[in-house]
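# Close look at the chain arrangement
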Amino acid sequence: MRVLSEGDILFIIMAVRWTLLLSIVAFIGGGIGGLIVALARTSEFKWLRWLALSYIKVFQGTPLLMQLFLAFFVPGIFGIDVDPWGAAAVGLSLHASAFLGEIWRGSIEVVPRGQSEAAYSLGLTYVPRMFLIIIPQAIRIAIPPTIGFLVQLIKGTSLASIIGFVEITRAAQIINNATFRPFTIFALVALVYFLICWPLSAYSKVMERKLTVASR
Amino acid sequence: MAYQFEFADVFAYWPELLRGALHTLVLSGLAMVIGMVVAVLGALGKTSGPRWLQWILDAYIEVIRNTPFLIQIFMIYFGLPAAGVRLSSETAALLALVVNVGAYGIEIIRAGIESISKGQIEAGKSLGLRPLQIFRYIILKPSIQAIYPSLTSQFILLMLNSSVCSAIAAGELTAAAGDIQSRNFRSFEVYFVVTCMYFAMSVLFWGAFAAIERAWLRKPSLR
């Protein structure tokens, strides 16, 4: 056991870049996947809607920790070596795809039917109808819950520490094992997460209030 | 070389898995019940408590909602002993879940309280309903109807979140899985089976909660 030094604290705080990088990668991956899931959920084909719903239910009905474990162990079955970083990035992206897909489905469905019908009668095909008419209107409604989920995702990256990815939580555990100052160390880490997540939560709440006022 | 699946190595441990699942259910159930007591008290404090209490409750809610559950567990299990409070991993897991779900619950219960407007109570009075009838039909039932969906999905989130308690070896399903795979080295098979068990529990609760809603909480149709 040794004394907690400034270097240790710096080591923990600097590890936040891995937390942020993982969050960004998972958010981008989940954004692409989520768009596909949301479009599938609102498609005209019943089997495609059903497929997307099953995907969402599986991810909403199992722990994120299990999803990360499987992301870590499944590639091994196919003889692919995966490091904790890759497993965490893929696992969190698949997780985010399901949740963002469900959030965005809701936003797409809130856009009045008349918009879709008007686009039809103008002779627009699926792609311009979705991407020029429906989605631009859905985005406004989607922003607050999307940012709310981003906060969940950032907090979720802490579970990557359990499969061995050294982000801020794992860095804190490593330093704690050497210095045994758990209260100071974990309070510091909690503060770092809070400083990242709280402004996002507050922004999401303000945006939501603006929307309810606008729709009144 | 193709991978050789060995699920038999997992099912050999089924009593442990079953005990783990039961532990998860008991832990989540207890945390939900105690957490809701915290939430109701907190919601009352937030709606009608003094200014300083409302401020403390706001701080509690914001801190819990904006930090990871894993860090909350570590603070309670590893951090509290520094303050002289030493808890077993089971107690620490329960306490962490209660503290966590309590913060989310306050907002849910408060929404339920605020969903009842004064006008409805006055309408009940003018219809000649007795106070107990007003409480039952105008306050209790509609507010439960209003918060039932968020409350039940909060419970399922809590159950899934309890898997994080394995990080302090709390003996629930995920911890049991960790134990087993450290002995039979069948990581994929163990975690796959356990993931299916969690999913089965979620499906069961989704079904049960929907059935309860249909049986007792159906809203009168507006026709």
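Quick caveat, the model's predicted, so the values are computed rather than measured. (Residues numbered from 1 in each chain as written. Chains lettered and ligands numbered in written order. Predicted model: local features only at pLDDT ≥ 70, side-chain atom pairs only at ≥ 80, totals over all residues.)

### A word on unusual backbone geometry
Peptide bonds are trans in most cases, and residues, glycine excluded, mostly fall at negative phi. Residue and element names in this part refer to chain B. Even without glycine at this site, Ala169 takes up a positive phi of about 55°. The backbone phi angle of Phe185 is positive, close to 55°, even though this residue is not glycine. If you trace the backbone, Phe185 turns up in the loop between helix 8 (173-184) and helix 9 (187-216). (Helix = DSSP H or I, 4+ residues; strand = E, 2+ residues; numbered from the N terminus.)

### Some words on the interface of chain A and chain B
Of the residues lining the interface, 29 residues belong to chain A; the matching set on chain B comes to 29 residues. Contributing elements (two or more residues each) for the side of chain A that touches chain B: helix 4 (64-77), helix 7 (126-156) and helix 9 (182-215) of chain A. Looking at the side of chain A that touches chain B, the element that brings in the most residues is helix 9 of chain A, giving 11 residues. Its residues assigned to classes, the side of chain A that touches chain B comprises 22 nonpolar, 6 polar and 1 charged. (Contact = placed C-beta atoms within 7 Å. Nonpolar A, V, L, I, M, F, W, Y, C, P; charged D, E, K, R; others polar.)

### Remarks on the UniProt feature "domain: ABC transmembrane type-1" (unreviewed entry) in chain A
The sites that carry the UniProt feature "domain: ABC transmembrane type-1" (unreviewed entry) are, in the present numbering, residues 16-204 of chain A. For residues 16-204 of chain A, the end-to-end C-alpha separation is 22 Å, with 83% helix and 0% strand making up the annotated structure. (UniProt positions renumbered as here; feature names shortened; annotations may be inferred.)

### Remarks on the UniProt feature "transmembrane region" (unreviewed entry) in chain B
In the numbering adopted here, UniProt assigns the feature "transmembrane region" (unreviewed entry) to residues 20-44, 56-80, 157-178 and 190-212 of chain B. Its end C-alpha atoms 33 Å apart, residues 190-212 of chain B is made of 100% helix and 0% strand.

### Focus on the UniProt feature "domain: ABC transmembrane type-1" (unreviewed entry) in chain B
Here, the residues flagged by UniProt with the feature "domain: ABC transmembrane type-1" (unreviewed entry) are residues 21-209 of chain B. For residues 21-209 of chain B, helix accounts for 82% and strand for 0%, while the C-alpha atoms at its two ends are 19 Å apart.

### So, the nonpolar core
Ranked by size, the top nonpolar core spans 97 residues in total, and within it Leu68 and Val189 of chain A together with Ile73, Ala93, Leu97 and Tyr191 of chain B carry the most contacts. When residues in this core are grouped by element, the largest group, 13 residues, is from helix 5 (residues 84-110) of chain A. The contact partners of Leu97 of chain B, leaving out residues within four places of it in the chain, are Leu27, Ala31, Gly35, Leu158 and Ser162 of chain B. Membership of the second largest hydrophobic core comes to 6 residues, among which are Ala39, Ala43, Ala103 and Ile108 of chain B. (Core = buried A, V, L, I, M, F, W, Y, C linked by C-beta atoms within 7 Å. Buried ≥ 20, exposed ≤ 12 C-beta atoms within 10 Å, placed from the backbone.)

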